Amino acid sequence: MVVVSLVYIVLGSLVIIVARWYSFRSARTEALAIVRIASFVANGSGDITELGRGIARINFVQSLVYVADRVDINSREPLRVIVRYYNIEAFLVNRAARSCSDSQRAYYLALLSRLPLSCTVLSEVEHFLTDAFERVRFYALMALFSCSPYRAIAVLEQSDWRLSRRDVAELLTLISRGCCPLPYMPLLLSENYNLQLLGIHLVRRFAITESRAQILAIVRCGNSELRDDALETLVSLGEQERGYNCVLI
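Residues numbered from 1 in each chain as written. Predicted model: local features only at pLDDT ≥ 70, side-chain atom pairs only at ≥ 80, totals over all residues. Heavy atoms only, no water.

Notes on the packing of helix 9 (residues 165–176) against helix 11 (residues 193–206)
Definition in use: Where helices are involved, their axes are fitted lines through C-alpha atoms of the stretch in contact, as for all axes, and angles between N-to-C directions lie from 0 to 180°. Each helix is a run of DSSP H or I of at least 4 residues and each strand a run of E of at least 2, with the numbering of both proceeding from the N terminus. Note that the term roughly parallel is reserved for angles under 35 degrees, roughly antiparallel for angles over 145, roughly perpendicular for angles of 65 to 115, and oblique for everything else. By convention, the crossing between two helices is left-handed when the near helix turns anticlockwise from the far helix through less than a right angle, and right-handed when the turn is clockwise. Residues count as neighbours in contact if any of their non-hydrogen atoms are within 4.5 Å of one another. Residue polarity follows a fixed list, in which Ala, Val, Leu, Ile, Met, Phe, Trp, Tyr, Cys and Pro are nonpolar, Asp, Glu, Lys and Arg are charged, and the others, Gly among them, are polar.
One can describe the packing of helix 9 onto helix 11 by two numbers: an axis separation of 10 Å at closest approach and a directional angle of 55°. Here helix 11 runs oblique to helix 9, going by the angle between their axes. In this structure, helix 9 crosses over helix 11, and the sense of that crossing is right-handed. Across the interface between the two elements, R165, V168, A169, L171, L172, T173, I175 and S176 of helix 9 pack against Y193, L197, L198, H201, L202, R205 and F206 of helix 11. Class assignment for the residues of the contact of helix 9 with helix 11 results in 10 nonpolar, 3 polar and 2 charged.

Things to note about the nonpolar core
Rule in force here: By nonpolar core is meant a set of buried Ala, Val, Leu, Ile, Met, Phe, Trp, Tyr and Cys residues that side-chain atoms within 4.5 Å join together. In this scheme, a residue with accessible area under 20% of its type's maximum is buried, one over 50% is exposed, and one in between is partly exposed, where area comes from a 1.4 Å probe on protein chains only.
By size, the foremost hydrophobic cluster in this structure holds 75 residues, and its most contacted members are F145 and L198. Of the residues forming this core, the biggest block, 10 residues, is contributed by helix 7 (residues 134–147). Apart from the residues within four sequence positions on either side, L198 is in contact with F145, I153, L156, V168, L171, L172, I175, L182 and L187.

Some words on the packing of aromatic side chains
Describing an aromatic ring pair means giving the distance of the ring centres and the angle of the ring planes. Quick reminder of the rule: Aromatic rings from Phe, Tyr and Trp, taking only the six-membered ring of Trp, are treated as a pair when their centres fall within 6.5 Å; an angle between ring planes under 30 degrees marks them as stacked, one over 60 as edge-to-face, and anything in between as tilted. A positively charged side chain is recorded as over a ring if its NZ (Lys) or CZ (Arg) lies within 6 Å of the ring centre. The angle to the ring normal must also be within 35 degrees.
Taken as a whole, this structure holds 4 aromatic pairs when the rule is applied. When the centroid spacing of 5.2 Å and the interplanar angle of 65° are considered together, the rings of F138 and Y139 count as edge-to-face. Accessibility classification places F138 together with Y139 in one group, the buried group. Residue placement shows R70 over the ring face of Y66; its charged tip is 3.7 Å from the ring centre. Directly above the aromatic system of Y193 lies the positively charged group of R162, at a separation of 3.9 Å from the ring centroid.

Here it is in structure tokens:
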């Protein structure tokens, strides 16, 4: 019995050592890939064939997303070139389509949504908008915002499911990177819950003081479920203006 226990301990230790070695190796190769991708993006040119050298495809995509999350809108064209060259769109869509795990499908679509996408992926992304799992539907919508914001707005308006405040926060992160510019006024004037909710929080995030009258109208006679959001936005706009005036004084 003691011998068997020792064997299990030794085997368990070996498994842990091997797992740690692979984890360290994966982290190292991802770090090198991030450096190569960042250099390519910064210079706007380079040997694109070397970017994915010596790294698993999914780890390369994760490295690419890491860089995409940290560059401004002016640096996204080199990223688009990389996405196209390595056929990342098809890779992630196929992974999502083949996955039997809801969370995995959502994860692949989440990665996709954070990259500059082409309109060719539009129809493939829309396929996931009817998925039974809520997070899959949401990240499909996020990907739609990345490749066609106005199509995403139309889909959102027709959806029978509601955005949560967490969903709106994630969408605003995408919008704040300049990936999908949206006009706030049509959102505020819409009678659709999702669009108004997005518009209210868009105004708050970017401190659009010119929209005060529309926000006030929502507080006074809008959807009762959105009055608190609108009221908090009014308060936020007031604080922004007071802070600005104090700086001027």
